[in-house]
Every structure is written in C-alpha cells, then in structure tokens.
Amino acid sequence: MSAPETPPPAPYAPAQPPPEVQVRRGLLLALLLVVLGLAFGGLWLWLAPRVPLIADGNAVYLKDSEGEQPIGADGTFALIGLGLGILTGAAVFLWRRAGGAALVLGMAAGALLGSVVAWRLGVWLGPTQDVVAHAKEVGKNVTFDAPLKLAAKGTLLAWPLAACVVHLLLTAAFGPRDPSPYGMDAVPARATPGGTPRPWPTGDATGHDGSGGGTGHDGSGGTGSEGRGGTGGPGAAAPYAPPPAG
C-alpha cells in the first residue's frame with residue numbers, strides 16, 4: 001500500500017502563517033498602537049485634573065496645598081492605560097486567535113511606545129513648563145494651571161501589562177488547542193507510515209490478536225495452554241476456568 005504524498009493535517013491544529021508574515025503583523029500592530037497613543041495623550045490632557053498655582057510677585061505657590069490634583073494626573077493616566085489595555089488585548093485576540101510570539105511582542109512594544117507618546121504629547125500640549133514666565137504673564141494673585149506632569153513613571157506600563165494579561169487569559173480560555181494523541185474514545189491513535197489513521201484490530205470472540213478462533217494465548221486455536229489444540233494434558237486447567245471444587 002503506497003503512502004499518500006501529503007499526510008492530512010492534525011485535527012484542531014491552527015494554521016500558522018510563515019514567520020515573516022507573523023513578524024510583519026507584529027510590526028503593523030505596534031505601529032497602530034503607537035498612532036493610538038496620540039489619542040491617548042489627548043484624552044489624558046482632557047481628563048487630567050489641573051493643579052492651580054498662584055504667585056504673589058516673589059514666589060509661586062500651590063493655591064490648594066492639601067489638594068489631590070498632583071496625583072490625579074497619574075491616576076488618570078493609569079486608568080486610561082488599563083482601559084486601553086483591556087480593549088487592545090481583546091481586539092488582538094479576536095483578530096488573530098492563533099496568536100504567536102511576534103504578535104504578542106508587537107502588542108507589548110506598541111502599547112509601551114504608545115504610552116510614551118501619550119505622555120510626551122500631553123505634556124507638550126498642556127500648560128507651559130516655564131512656571132516663572134507664566135506667573136509673570138498672568139500677574140500677581142491670579143490663578144493659573146501648573147504644567148501637566150507624570151510623576152509615577154510606572155504608569156507607563158499600565159497599557160502593555162493589561163493588554164498582555166487580557167490576551168493571555170482569552171487565549172487560555174478560548175484559544176485553539178493542540179492536537180490530542182487520543183481519539184474520542186481515549187484510545188491512542190494509530191496511523192500508517194503515510195499518516196492515514198487506521199483502527200486497532202478488534203480480534204474475534206476470544207483470540208488476543210484475532211488470528212485464531214480458540215482461547216489460546218497466541219490465538220492459533222484450541223484450548224491448550226499454548227494454543228496448539230487439545231486440552232493441554234491431564235489436570236491442565238483451561239484459561240480463565242474457575243478453580244476446581246474441593
């Protein structure tokens with residue numbers, strides 16, 4: 001029997017594209033997330049609380065020294081990053097369920113670079129960094145906004161970490177499975193050298209390998225101890241016979 005030229009694909013095995021295609025997709029995803037960082041920066045600038053300052057002609061002070069506005073900018077950045085991470089991880093999983101190392105690395109790198117772009121864009125579009133010049137411009141006892149700052153740089157990791165965790169959980173729960181070496185009845189699969197599945201031999205009523213019709217050990221017929229025929233001699237109990245009484 002000649003073997004087929006190409007064996008059939010294993011069941012449940014996801015079709016993986018060539019490595020260069022996976023790398024190209026990872027780079028494309030990273031570029032898209034960097035561009036999305038522009039929207040992230042604009043949203044942060046819009047939602048972050050302002051820190052009010054006031055000058056008396058000699059120095060610049062916080063108008064509300066006990067306010068929580070300075071840490072509010074960090075918290076806003078982190079919350080936006082977490083939300084984007086959840087959406088990014090789910091979108092990437094729905095786009096390519098098979099995943100791949102290049103896709104995950106592109107997602108993590110793109111989200112991190114997008115966070116950096118959002119941070120720098122928000123600072124650039126926000127109030128001026130020259131507080132002294134700004135105070136002189138507005139005059140004495142006039143409230144103005146402090147520059148937008150990101151004090152906790154660890155919040156830059158909120159987007160990539162959330163995206164990777166969500167993608168990992170979705171892949172573990174709903175991703176494609178590796179092919180199983182067992183069939184539906186939990187019997188190991190058998191295959192010809194060409195890969196064509198073939199069933200296990202069922203044998204006959206009593207033979208071990210289906211080559212004979214008796215109850216011999218090698219299936220060649222008879223009821224003897226070695227399956228050569230006869231009864232195996234005086235006093236020899238047949239296989240699987242109950243013990244003699246008495």
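See the structure printed just above.
Because the structure is a prediction, the values reported are computed rather than measured.

Quick notes on the rules
Residues numbered from 1 in each chain as written. Predicted model: local features only at pLDDT ≥ 70, side-chain atom pairs only at ≥ 80, totals over all residues. Heavy atoms only, no water. Axes fitted to C-alpha atoms, helices over the stretch in contact; angles between N-to-C directions. Helix = DSSP H or I, 4+ residues; strand = E, 2+ residues; numbered from the N terminus. Left-handed = near helix turned anticlockwise from the far one by under 90°. Contact = heavy atoms within 4.5 Å. Nonpolar A, V, L, I, M, F, W, Y, C, P; charged D, E, K, R; others polar. Phe/Tyr/Trp six-rings, centres within 6.5 Å; stacked < 30°, edge-to-face > 60°. Lys NZ or Arg CZ within 6 Å of the ring centre and 35° of its normal. Pairing = 2+ DSSP bridges. Core = buried A, V, L, I, M, F, W, Y, C linked by side-chain atoms within 4.5 Å. Buried < 20%, exposed > 50% of the residue type's maximum accessible area, 1.4 Å probe, protein only.

A. The arrangement of the packing of helix α2 (residues 69-95) against helix α5 (residues 158-174) in detail. Their axes nearest at 7 Å, the elements α2 and α5 cross at an angle of 35°. The hand of the α2/α5 crossing is right-handed. Of the residues in α5, those touching α2 at A78, G81, L82, L84, G85, I86, T88, G89, A90, V92 and F93 are A158, W159, A162, A163, V166, H167, L170, T171 and F174. The residue inventory of the contact of α2 with α5, partitioned by class, reads 14 nonpolar, six polar and no charged.

B. Geometry of the packing of aromatic side chains. This structure, assessed with the given rule, holds three aromatic pairs. Just above the ring of W119 sits the side chain of R120; from NZ or CZ to the centre is 4.8 Å.

C. The arrangement of the sheet that holds strand β1 (residues 52-55) in detail. The strand order β2-β1-β3 describes an open sheet built from three strands, whose pairing is antiparallel. Both outer strands of the open sheet, β2 (60-62) and β3 (144-145), are each paired with one neighbouring strand and no more. As defined by bridge partners, β1 adjoins β3 across two bridges and the pair is classed as antiparallel. Paired with P52 across the strands is D145, a residue of β3.

D. The nonpolar core, seen in detail. Judged by nonpolar contacts, the single largest core of 22 residues is most densely connected at F40, W44, F77 and W119. Among the elements of the structure, α1 (19-47), α2, α3 (101-125) and α5 are those that each provide at least two residues to this core. The leading source of residues in this core is α3, at six residues. Every residue in contact with F40, bar those within four places of it in the chain, is listed here: F77, I80, G81, L84, G114, S115, A118 and W159. V51, A55, A135 and A146 belong to the second-largest nonpolar core, a separate cluster that totals six residues.

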